[in-house]
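Listed below, chain by chain, are the residues.
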Amino acid sequence: MILRVYALYLGNKKILTFLLTLLCGQVIVSAWAVHNGMRVPQPPGFPGCVLTGKNSFFAALWGAPLVTDSCIFILTTWRTIRYMRKHGRMTALEILLRDGTLYFFTIFGVNLMNTLIYFLAFKDLKAVGARVEYGTELQNGTVSAKY
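Report follows, based on the coordinates. (Residues numbered from 1 in each chain as written. Predicted model: local features only at pLDDT ≥ 70, side-chain atom pairs only at ≥ 80, totals over all residues. Heavy atoms only, no water.)

1. Remarks on the overall build of the protein chain
Thought 1: Along the protein chain, the regular secondary structure elements total 5 helices and 2 strands.
Thought 2: When the helices and strands of the protein chain are placed in sequence order, the string is α-α-β-β-α-α-α.
Thought 3: Counting every position in the protein chain, which comprises 147 residues, the buried fraction comes to 35%.
Thought 4: Partitioning the intrachain contacts of the protein chain with sequence separation of at least 6 by distance along the chain shows that 66% fall at a separation of at least 24.
Thought 5: Here the protein chain has roughly 9,200 Å² of accessible surface; of this, 71% comes from carbon and sulfur atoms. (Helix = DSSP H or I, 4+ residues; strand = E, 2+ residues; numbered from the N terminus. Buried < 20%, exposed > 50% of the residue type's maximum accessible area, 1.4 Å probe, protein only. Contact = heavy atoms within 4.5 Å. Areas by Shrake-Rupley, 256 points an atom, 1.4 Å probe, with all protein chains shown as cover.)

Structure below.
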């Protein structure tokens with residue numbers, strides 16, 4: 001998605017620098033959250049490792065992508081609508097806008113749900129959102145590859 005926005009802005013280095021800085025921040029914050037997470041005990045016979053946080057900062061695991069994806073969506077929408085107003089209807093740009101909107105609301109919704117579950121759920125249910133994170137990554141790759 002970053003390369004798509006970079007292309008929409010005709011190779012603007014400031015846009016690329018901004019987006020790469022956001023991405024690096026997201027990776028650092030997510031790595032910190034995972035590093036400080038704790039494993040949820042699983043019943044015997046249940047495979048896998050589910051993480052939950054020791055404090056409210058663990059929600060940064062989902063909050064960081066919310067910020068990055070929101071910035072990408074805003075930049076994409078701004079540039080596409082501005083270009084379409086200036087040059088008229090453009091099928092390729094309409095597809096970019098449609099697909100970018102679909103991608104954004106899908107991923108944003110899952111990350112927002114995870115964040116809300118983490119803050120609002122009972123202690124025993126907080127780790128439920130962690131399982132959805134794996135689906136988000138698969139979905140992220142699928143949506144990006146498809147569009």
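More follows now that the structure is in view.
2. Quick look at the nonpolar core
Thought 1: With 12 residues, the main nonpolar core is built from Ile 2, Val 5, Tyr 6, Leu 8, Tyr 9, Ile 15, Leu 16, Leu 19, Leu 22, Ile 72, Leu 75 and Leu 93.
Thought 2: In this structure, Leu 75 is in contact with Val 5, Tyr 9, Ile 15, Phe 18 and Leu 19, ignoring residues within four places of it in sequence.
Thought 3: Formed by 6 residues, the second largest nonpolar core is a distinct cluster that contains Phe 58, Ala 59, Trp 62 and Tyr 118. (Core = buried A, V, L, I, M, F, W, Y, C linked by side-chain atoms within 4.5 Å.)

3. Concerning the packing of aromatic side chains
Thought 1: Tallied over the entire structure, the rule returns 6 aromatic pairs.
Thought 2: Relative to Phe 57, the ring of Trp 32 has its centre 6.2 Å away and its plane inclined at 75 degrees; by these criteria the two rings are edge-to-face. Within this pair, whereas Trp 32 is found in helix α2 (residues 13-35), its partner Phe 57 is found in the loop between β2 (51-52) and α3 (60-87), the two being separated by 25 residues in sequence.
Thought 3: Judged by relative accessible area, which is 40%, Trp 32 ranks as partly exposed.
Thought 4: When its relative accessible area of 56% is taken as the criterion, Phe 57 is described as exposed.
Thought 5: Here the aromatic rings of Phe 104 and Phe 105 are separated by 5.0 Å at their centres, their planes lie at 70 degrees, and the arrangement is edge-to-face. (Phe/Tyr/Trp six-rings, centres within 6.5 Å; stacked < 30°, edge-to-face > 60°.)

4. Things to note about the environment of Ile 15
Thought 1: Locating Ile 15 in the fold gives a position in helix α2.
Thought 2: Ile 15 gets classed as buried once you look at its relative accessible area, which sits at 12%.
Thought 3: As a C-alpha pair, Ile 15 and Leu 75 span 60 residues in sequence and 9.0 Å in three-dimensional space.
Thought 4: Setting aside chain neighbours within four positions, we find Ile 15 in contact with Val 5, Tyr 9 and Leu 75.

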